[in-house]
Amino acid sequence: QKYKGNRGCNLCKNRPLSYRLMKSAIKQLSYVLFPRRCELCGEVVRPDEKYCRDCRHAERINGEICLKCAHSKTDCACSKKDKKPAFNGVVAPFYFRDSVSRAVHRFKFYGYTELADNMAREMTNKIDESFCDIGFDFVTFVPLSKRRYRKRGYNQAELLAQKIADRLSIPCLKSLNKIRETETQRGASAKERRVNLFGAFDLVDGFDIDGKTVLLVDDVKTTGSTLNECSEILKAYGAKAVYCSVFAVTKRKKKNDKK
């Protein structure tokens, strides 16, 4: 006799009413004690929802992409006078605003490490879309200083890189160390960020980077200074190419936009 997939449901239907009421009560209690959360930002949602309302309407980066800034071409503020970045390209699924910024802050500063799963899935989809013809040798990540790692307990970029590497079926390797403590980048200008990060990274001792094509991962790109500094180090030691992936990018204003 063949197994019927709905046999369990039929058994439940034949149970006494008291059993079914108890099962329903336990289920409702579980929603109170362990509420379902939005897979993107961690906000509490209804049991039948994957995303909260804000995340369902989060601003995605679609269409043709500028690989210098990760913006869609319609939002791109790059000019021919801009210095060419050290990395070969950068992509992101979202703009850093509203519920996406809330997701990053919870993931980065408040221990919502479970958000890495969905973030990595979104990032991998964008990588497959934009870098489908690139053969990466490995995935790496922007490192934290020892002091900041001890304080936070984890490196959010490393968590994302590990999950992306699993999805791409390639190794995740630590190739960089942060050798100098830097000031926080929040609120700093592009120039201040470049100065702050100068000489802050170096290759891990004995790491073989020569001729490798690398996927470098971080959580957010604002001006691109961090990705650029890390890419310069990797290329200085012999990397063939460095492509970058972040979860979100800060939307730049075009020069003719009103302030």
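Note that the structure is a prediction, hence the values are computed from the model and not measured. (Residues numbered from 1 in each chain as written. Predicted model: local features only at pLDDT ≥ 70, side-chain atom pairs only at ≥ 80, totals over all residues. Heavy atoms only, no water.)

### Examining the overall build of the protein chain
Okay, step 1: Helices and strands together make up the secondary structure of the protein chain, namely nine helices and seven strands.
Okay, step 2: A buried classification covers 42% of the 259 residues belonging to the protein chain.
Okay, step 3: Here the contacts in the protein chain between residues at least 6 apart in sequence split such that 71% fall between residues at least 24 apart.
Okay, step 4: Roughly 15400 Å² of accessible area belongs to the protein chain as shown, and the carbon and sulfur atoms make up 50% of that amount. (Helix = DSSP H or I, 4+ residues; strand = E, 2+ residues; numbered from the N terminus. Buried < 20%, exposed > 50% of the residue type's maximum accessible area, 1.4 Å probe, protein only. Contact = heavy atoms within 4.5 Å. Areas by Shrake-Rupley, 256 points an atom, 1.4 Å probe, with all protein chains shown as cover.)

### Some words on helix α4 (residues 98–109)
Okay, step 1: Taking 1.5 Å per residue as the helical rise, α4 with its 12 residues ought to reach 16 Å, and the 17 Å between its terminal C-alpha atoms agrees with that figure.
Okay, step 2: In the core, the buried residues of α4 are packed alongside α3 (53–56), β2 (94–95), α5 (116–130), α7 (156–168), β6 (213–221) and β7 (241–249).
Okay, step 3: Two residues or fewer past α4, Gly 111 is found with a positive phi of approximately 75 degrees. (Expected span 1.5 Å × (residues − 1).)

### Here we look at the pattern of salt bridges
Okay, step 1: This structure, assessed with the given rule, holds 17 salt bridges.
Okay, step 2: The salt bridge involving Glu 59 is made with Arg 97; its shortest N-O contact spans 2.8 Å. Here Glu 59 is found in the loop between α3 and β1 (89–91), whereas its partner Arg 97 is found in the loop between β2 and α4, with 38 residues between them in sequence.
Okay, step 3: Given a relative accessible area of 36%, Arg 97 falls into the partly exposed group.
Okay, step 4: Between Lys 251 and Asp 75 there is a salt bridge whose closest N-O contact spans 3.8 Å. In this pair, Lys 251 sits in the segment after β7 while Asp 75 sits in the loop between α3 and β1, placing the two residues 176 residues apart along the sequence.
Okay, step 5: By relative accessible area, which is 31% here, Lys 251 ends up partly exposed.
Okay, step 6: Connected through shared salt-bridge partners, Glu 43, Asp 54, Arg 102 and Arg 106 make up one network. (Salt bridge = Lys/Arg side-chain N within 4 Å of Asp/Glu carboxyl O.)

### Side note on the packing of aromatic side chains
Okay, step 1: Tallied over the entire structure, the rule returns five aromatic pairs.
Okay, step 2: Taking 5.3 Å as the distance between ring centres and 55 degrees as the angle between the ring planes, the aromatic pair formed by Phe 94 and Phe 247 counts as tilted. Taken as a pair, Phe 94 in strand β2 and Phe 247 in strand β7 lie far apart in primary sequence, 153 residues in all.
Okay, step 3: Judged by its relative accessible area of 0%, Phe 94 falls in the buried class.
Okay, step 4: Aromatic side chains Phe 138 and Phe 207 sit 5.4 Å apart centroid to centroid with 70 degrees between the ring planes, which places their arrangement in the edge-to-face category. Residue Phe 138 is found in strand β3 (residues 138–141), and its partner Phe 207 is found in the loop between β5 (201–203) and β6; the two are separated by 69 residues along the sequence. Phe 207 carries the same exposure label as Phe 138, and that label is buried.
Okay, step 5: Clustering of aromatic rings is evident, with ring pairs tying together Phe 131, Phe 136 and Tyr 243.
Okay, step 6: Sitting over the ring of Tyr 95, Lys 251 keeps its end group 4.8 Å from the ring centre. (Phe/Tyr/Trp six-rings, centres within 6.5 Å; stacked < 30°, edge-to-face > 60°. Lys NZ or Arg CZ within 6 Å of the ring centre and 35° of its normal.)

### Considerations on the environment of Arg 102
Okay, step 1: Within the secondary structure, Arg 102 is located in helix α4.
Okay, step 2: Linking Arg 102 and Gly 42, residues 60 residues apart in sequence, is a C-alpha distance of 8.8 Å.
Okay, step 3: When residues no more than four places from it in sequence are discounted, the contact partners of Arg 102 are Cys 41, Glu 43, Cys 52 and Asp 54.

### Comments concerning unusual backbone geometry
Excluding glycine, most residues fall at negative phi; most peptide bonds, likewise, are trans.
Okay, step 1: For Ala 70, which is not a glycine, the phi torsion comes out positive at approximately 75 degrees.
Okay, step 2: Of note, Ala 70 is situated in the loop between α3 and β1.
Okay, step 3: We classify Ala 70 as buried; its relative accessible area is 0%.
Okay, step 4: Phi at Ser 169 is positive, roughly 60 degrees, even though this residue is not glycine.
Okay, step 5: Locating Ser 169 in the fold gives a position in the loop between α7 and β4 (176–178).

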